[in-house]
Structures are given as C-alpha cells and as structure tokens.
Amino acid sequence: MIWDWEFTGQIIPDVLRGLLVTFEATVLGSLLAYVLGLVLALLRRSRIRVVSWVVWGFIEFVRSTPLLVQLYFLYNVLPDFGVRLSSLTTGILGLGVHYACYAAEVYRAGIDGVPQSQWEATRALSLPPARTWIGVILPQAIPRVVPALGNYTISMFKETPLLLAIGVLDLVGAAQEAGSDAYRYVEPLTIAGILFLLLSYPSSLLVRRLERRVAI
C-alpha cells in the first residue's frame, strides 16, 4: 500500500483530538492513582487489623485481575447501582484505582526505607502522628518513590488504548475510526504509534534522570 500524504493531512486533526483524550485520561488517572495509593498505603499500616487486612485484600484483588476486566466491570455494573458516569470518567476511575494499588506498594516500600532512627527521633520529641507523617516521614519517603511512580505514569499512558473497549476514543481509537472511514489503516495507526514513541521515550529518559538525581 502506497503512503497517502493527502489522507495523512486530513486525519491528523482527528488523531490529535484522540491524543488530547489520552493525555486527559493519563494525567487525571495518575493524580487519582497517586493520591489514592498514598491513602491505601497509610491504611495498610493501620494498627486496626481489620482495616489493614481489608485494604491488603483489596490491593491484592485489584493487582491480580486484568485492567480490561475491571474497566468492563465498572462500565457495566456501576449503572446497576445508580452510578452513571461517562465512558471517559469511568476509564479514568478504572485506571486510577488499578494503578493506585501498585502505587500503594511503592509508597509502602518508600516508607519502610526511612531509617528507624527517624521514627525513634519523632517519638523522643513526642511529635503528634500528623506532624510525624507530614513533617518527617513522607518528605523522606516520597522522593524515593518518584521514579517508580513516573514509570507507572508511562505504563498508564501506553495502556489508555484499553479504554476503547468502553467507548473512549483515545489516540488509538481515533486512529481506528479515521482508518475505518476510508478503509485505510496504515497511515492513522502509524501516526498513533509514532506519537506514542515520541512521548513515551522522552518521558522514560526523564524518569531515568530522576532516578539518578534521587540516588545522589
């Protein structure tokens, strides 16, 4: 099949609109994942065993089931309980919850990496729990986990095409729709692949730079 530059110029606006949807899903999904992940990590350390075990079970369940199945579940089951969300909102929720469970384990590792002497110092100073976490522990733990969270953001960006299963026209979905209109898929899918590469590779280099900076 010969590359059609005229057709390429016609579909680029549609593909770029799909790219904006991909960005929206990635950014909002990441924010949800990292905030919820921190909450889950803190609840996982709760002294109330019931809370700790319930959170542990939830994290393991989500991590052990495919993201695509979770998206289908949210999209088809939530309306039965009177919760009606748009396809994009459901996709962001699914991405956020899924990656929050991975982020929770990353946060846990970062918190466990804080030297024991820091915990002992807070007890010696009789700091309240809120001051201990906000002023001492989290400022030391979170920088350690930033590179890992960055890798999850890149993974989430590359997994947004799964949202097509629930009707979200992301980058790949827009490319497929543009291709189906003219029965030409080489150009739109190639453009989508190049855009993923152009955005993912520099992001991975940035994460590596963060890893070196954190190590220093």
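Residue positions are given per chain, counted from 1 along the sequence in the order it is written. Whole-chain, interface and lining totals are the exception, using all residues; otherwise, since this is a predicted model, local features are given only for residues with pLDDT of at least 70 and side-chain atom pairs are given and counted only at 80 or more. Hydrogen atoms and water are omitted, and side-chain values are computed over all heavy atoms in the structure.

Caption draft 1: Molecular detail of the pattern of salt bridges. A pair is scored as a salt bridge if a Lys or Arg side-chain nitrogen falls within 4 Å of a carboxyl oxygen belonging to Asp or Glu. One pass over the full model with this rule turns up six salt bridges. Note that R17 and D14 form a salt bridge whose closest N and O atoms lie 2.0 Å from each other. With R17 and D14 both in helix α1 (residues 5–44) and three residues apart, this pair spans about one turn of that helix. Relative accessibility thresholds used throughout: buried, under 20% of the residue-type maximum; exposed, over 50%; partly exposed, between the two (1.4 Å probe, protein chains only). Given a relative accessible area of 32%, D14 falls into the partly exposed group. Linking D112 and R108 is a salt bridge whose minimum nitrogen-to-oxygen distance equals 3.3 Å. In this pair, D112 and R108 are both assigned in helix α4 (residues 87–112), four residues apart and thus about one turn of the helix distant. Every helix listed is a DSSP run of H or I at least four residues long, and every strand listed is a run of E at least two residues long, numbered separately from the N terminus.

Caption draft 2: Representation of the packing of helix α3 (residues 67–77) against α4 within the structure. It is the contact of α3 with α4, at a shortest axis distance of 9 Å, that shows an interaxial angle of 135°. The orientation of α3 relative to α4 falls into the category oblique. In this structure, α3 meets α4 at a crossing whose hand is right-handed. On α4, the residues touching L67, Q70, L71, L74 and Y75 of α3 are S87, T90, G91, L93, G94, L95 and H98. Class assignment for the residues of the contact of α3 with α4 results in six nonpolar, six polar and no charged. Each axis is a line fitted through C-alpha atoms, taken for helices only over the stretch in contact, and angles between the N-to-C directions span 0 to 180 degrees. Put simply, angles under 35 degrees are roughly parallel, angles over 145 are roughly antiparallel, angles from 65 to 115 are roughly perpendicular, and the rest are oblique. By definition, turning the near helix anticlockwise from the far helix through less than a right angle yields a left-handed crossing, and turning it clockwise yields a right-handed one. Residue contacts are defined here by distance: any two heavy atoms, one from each residue, within 4.5 Å place the two residues in contact. Side-chain classes are defined by residue name, with Ala, Val, Leu, Ile, Met, Phe, Trp, Tyr, Cys and Pro counting as nonpolar, Asp, Glu, Lys and Arg as charged, and the others, Gly among them, as polar.

Caption draft 3: Main features of helix α7 (residues 171–182). Spanning 12 residues, α7 covers 17 Å between terminal C-alpha atoms, matching the ideal 16 Å at 1.5 Å per step. Of the positions making up α7, those classed as buried are L171, V172, G173, A174, A175, A178 and G179. Phi for Y183, located one or two positions after α7, is positive at around 55°. Multiplying one less than the number of residues by 1.5 Å gives the expected span of a helix.

Caption draft 4: Structural context of the nonpolar core. In plain words, nonpolar cores are sets of buried Ala, Val, Leu, Ile, Met, Phe, Trp, Tyr and Cys residues tied together by side-chain atoms within 4.5 Å. If you look at the biggest cluster of nonpolar residues, it comprises 28 residues, and the most contacted ones within it are L40, L95, Y107 and L149. Those elements that place two or more of their residues in this core are α1, α2 (49–63), α3, α4 and α6 (129–159). The greatest single-element share of this core, amounting to 10 residues, is contributed by α4. In contact with L149, other than residues within four places in its own chain, are Y34, A103, V106 and Y107. One finds F7, F157, L171 and F196 within the second-largest nonpolar core, a separate group that totals 13 residues.

Caption draft 5: Quick peek at the packing of aromatic side chains. Only Phe, Tyr and Trp rings are paired, with Trp represented by its six-membered ring, and only when their centres lie within 6.5 Å; those with planes under 30 degrees apart are stacked, over 60 edge-to-face, the remainder tilted. For the coordinates displayed, the defined rule picks out eight aromatic pairs. Seen in terms of ring centroids, W3 and W5 are 5.7 Å apart; in terms of plane orientation they differ by 55°. Their pairing is tilted. What makes W3 partly exposed here is its relative accessible area of 27%. Judged by centre distance (5.4 Å) and plane angle (80°), the ring pair of W53 and W56 falls under edge-to-face. Here the residue W53 and the residue W56 both occupy positions in helix α2, the gap between them amounting to three residues, near one helical turn. Taking the relative accessible area as the measure of exposure, W53 reaches 56% and is therefore exposed. We classify W56 as partly exposed; its relative accessible area is 36%. Each member of the aromatic cluster is reached from another via a ring pair, and the members are F23, F157 and F196.

Caption draft 6: Quick look at a nonpolar patch on the surface. Nonpolar side chains (Val, Leu, Ile, Met, Phe, Trp, Tyr) are joined into patches within 5 Å and like charges within 9 Å, using only residues with over 30% relative accessible area and no salt bridge. Where accessible areas are quoted, they stem from the Shrake-Rupley method and a 1.4 Å probe; at the residue level, only the protein chains shown are allowed to cover. Residues I142, V146, L206 and L210 make up a contiguous nonpolar surface patch of roughly 280 Å² in combined accessible area. Of all the secondary structure elements, the ones that give two or more residues to the nonpolar patch are α6 and α8 (186–215).

Caption draft 7: Main features of the packing of α1 against α4. Viewed as axis vectors pointing N to C, α1 and α4 meet at an angle of 40°, and their least axial separation amounts to 5 Å. Taken together, the axes of α1 and α4 are oblique relative to one another. When you trace α1 past α4, the crossing you get is right-handed. The class makeup of the residues in the contact of α1 with α4 is 23 nonpolar, three polar and two charged.

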